[in-house]
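Here are the chains, one letter per residue:
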Amino acid sequence: MNDVKIAIVGAGFSGMGAAIKLQQNGFEDFLILDRGSDFGGTWRDNTYPGAACDVPSHLYSYSFELNPNWSRSFSKQAEIHAYINAVAEKNELHRRTKFGVEVTNAVWNETDNRWIVDITHPETGASQVRAEILIGAIGPLCEPRLPDVTGIADFEGEIFHSARWNHDVDLTGKRVAVIGTGASAIQIIPELAPKIGHMDVYQRTAPWVLPRADREYTGLEHWLFRNVPGVQRLSRTGIYLAHELVSYGLTHRPNVLRPAHAAGKANIRRGISDAVKRDKVTPKFKVGCKRILLSNTYYPALGQDNVDVITDGIDHVTPTGIVTKDGVTREVDAIVVATGFHVTDSPGFEHIVGKDGDSLAQSWAKSGMKAYKGSMIHGFPNLFLMVGPATGLGHTSMVFMIESQLNYLVDFLKTAQRNDITRTEVRAEDEKVYNKSIQKTLSTSVWENGGCASWYKDEFGNITTLWPGFTFNYRKATKNFDIAAYDTTRVTATADAKS
Ligand code: N01
């Protein structure tokens, strides 16, 4: 049994950020556990052709590790992954990280006030880590969701999910089907279109895809970012404020976003000349209801003669092709599955077990995901969930939200240390009131009223993933650890006593 004060599960942006902030604040006794072989989480796993960030890099990076060398406004996956690894190296995170480790279970032990974390490693086998605090940094976009389509398991050609790209397969000249037209697919399709023989794009819902102001930074800009103090921060602030304006429309006044409809439609007209295809890809819901996508190359790719957009719905898959509901069979050599992730039903939730013996999945099965400030959950003492419920965004950088959570995390740890607190559990009533207010704010939002189905909603139809409103309000809400919302247990001279 390995004893640590803090165990961090996940070495992506949020787990690494937590580790760096812990170090900076004198909490050195921690261990990061990750099943992969490298830092980066989703930016390590998503290596599909065209993978890039749809938030400008100067904002989609840590505020405490600015990078003046971003090559372009919207960086590609390899550059983001390299940045993440450079940050990890600079902060010497390898010293406190175990890779190749699968966390199979994490169970709260009420007697010891500790998390018992079961792990397995291909070489060292099964063992346990015992921790006072568990930081769940598993990320909401890490478990690929495969479509529940009859026969898909029996397909005999190449088939892989966008987040598990098989680089050994050469798709040049092949007949390829892409299932899905979300954020990943719209980046993959333009990369494949020029090289494949024929592509069928299976679209269930047409997304809004707006032009992307992507460009390389000039030598002068790089020089300014490196040498003139404040220029990079100014650029970052400008990007941040521009994105925050969108949040007002998304949350309170969807009609403010009307110009985006025009921009989206113009993007379609520019890219596709065929009227039938144009009609097929024109969205039928309000912009912003599903994630707004950015691309200058998606529609031109769909407009190519060797690309068909199929909207008839998949009925089943045969060993050699896909049959749509109208009975048409289309033979293919490979299927790319770009159908997203288990977000509100992540398998990871089944393996975190709280004080009553219920897992997060069981606890949330009755009424959906909820947490206090997206971080702490009633019934799960000393668990701090990164990018938890109601922290997701549709308009700007998740790194901003992560850093807000990190402020809260550090203040929580400092408060506990200062007051000799060994057990911290958010009160059920505070959690309830907090989530009620989130749902009230969401009631005017485009996510609720925009006429679409999206992964932002859970099986009960509740939006449990998104932060509604300006991100600076979340920054304010997480500035200080509000101990009054928590039940705590303190160490006394003789024994632990409930306060
Ligand atoms: O997944 P998605 P994604 N049959 O859920 C369709 C982030 N991200 O991997 O819209 C047929 O968006 C589904 O159809 P519908 C970003 O937060 C960021 O693309 O549900 N189709 C949809 O078209 C994003 O939101 C970047 O009707 C099926 C698609 O599959 C999140 O990751 C880049 C189906 C899934 O789209 C997920 O994006 C990439 C079925 N059975 C991703 N099931 C950045 O740039 C699903 N679909 C930062």
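Everything numeric in this text was worked out from a predicted model, so none of it was measured.

So, how was this worked out
Residues numbered from 1 in each chain as written. Predicted model: local features only at pLDDT ≥ 70, side-chain atom pairs only at ≥ 80, totals over all residues. Heavy atoms only, no water. Phe/Tyr/Trp six-rings, centres within 6.5 Å; stacked < 30°, edge-to-face > 60°. Helix = DSSP H or I, 4+ residues; strand = E, 2+ residues; numbered from the N terminus. Buried < 20%, exposed > 50% of the residue type's maximum accessible area, 1.4 Å probe, protein only. Lys NZ or Arg CZ within 6 Å of the ring centre and 35° of its normal. Pairing = 2+ DSSP bridges. Axes fitted to C-alpha atoms, helices over the stretch in contact; angles between N-to-C directions. Domains from an automatic or database assignment. Contact = heavy atoms within 4.5 Å. Buried area = accessible area lost by both parts, 1.4 Å probe. Salt bridge = Lys/Arg side-chain N within 4 Å of Asp/Glu carboxyl O. Polar contact = N/O pair within 3.5 Å; in protein donor to acceptor, adjacent residues only side chain to side chain. Nonpolar A, V, L, I, M, F, W, Y, C, P; charged D, E, K, R; others polar.

Colleague: How do you make sense of the packing of aromatic side chains when you look at a structure like this?
Modeller: Given two aromatic rings, their pairing is described by the distance between the two centres and the angle made by the two planes. This model, assessed by the stated rule, comprises 25 aromatic pairs. Summarising the aromatic geometry, the rings of Trp-70 and Tyr-83 are spaced 5.0 Å apart at their centres and angled 45° between planes, so their arrangement reads as tilted. Here Trp-70, found in the loop between α2 (42-45) and α3 (77-90), pairs with Tyr-83, found in helix α3; they are 13 residues apart in sequence, far enough to count as distant. When sorted by exposure, Trp-70 lands in the same class as Tyr-83, which is buried. Aromatic side chains Phe-349 and Trp-364 sit 5.0 Å apart centroid to centroid with 85° between the ring planes, which places their arrangement in the edge-to-face category. Here Phe-349 is found in the loop between β16 (334-337) and β17 (352-353), whereas its partner Trp-364 is found in helix α10 (residues 360-365), with 15 residues between them in sequence. By relative accessible area, Phe-349 is classed as buried at 9%. A residue is classified by how much of its surface remains accessible, and Trp-364, at 5% relative accessible area, is buried. Members of the aromatic cluster, connected to one another through ring pairs, are Phe-13, Trp-43, Tyr-60, Tyr-62, Phe-64, Trp-70 and Tyr-83. Lying across the ring of Phe-400, Arg-475 places its NZ or CZ 3.9 Å from the centre.

Colleague: Would you mind showing me how to read the sheet that holds strand β14 (residues 321-324) here?
Modeller: Hydrogen bonds along the backbone pair up the strands of a sheet, which may run parallel or antiparallel. Ordered by their spatial adjacency, three strands build an open sheet running β13-β14-β15, and the pairing between neighbours is antiparallel. Lying at the two open borders of the sheet, with one neighbouring strand each, are β13 (314-317) and β15 (329-331). If you compare each strand with its neighbour and ignore which way they point, the axes differ by 25° on average. With three bridges joining them, β14 and β15 adopt antiparallel strand pairing. Pairing of Val-323 across the sheet is with Thr-329, part of β15.

Colleague: How should I be thinking about the domain arrangement of the protein in this particular structure?
Modeller: Accessible area lost during the coming together of the parts is what is often quoted as the interface size. Here the domain parsing of the protein yields domain 1 (2-143 + 342-498) and domain 2 (152-213 + 237-337). Spacing between the C-alpha centres of domain 1 and domain 2 amounts to 30 Å. Contact with domain 1, which involves 39 residues of that partner, is made by 32 residues of domain 2. Around 3200 Å² of area is buried between domain 1 and domain 2 when both sides are counted, 57% of it from carbon and sulfur atoms. For the interface between domain 1 and domain 2, the tally reads one salt bridge. The residue Asp-54 makes a salt bridge to Arg-291 at a minimum N-O spacing of 2.7 Å. Here domain 1 and domain 2 share 21 residue pairs in polar contact (both at pLDDT 80 or more) between them. Within the residue set of the side of domain 1 that touches domain 2, elements represented by two or more residues are α13 (446-449) and α14 (471-477). The class makeup of the residues in the side of domain 1 that touches domain 2 is 20 nonpolar, 16 polar and three charged.

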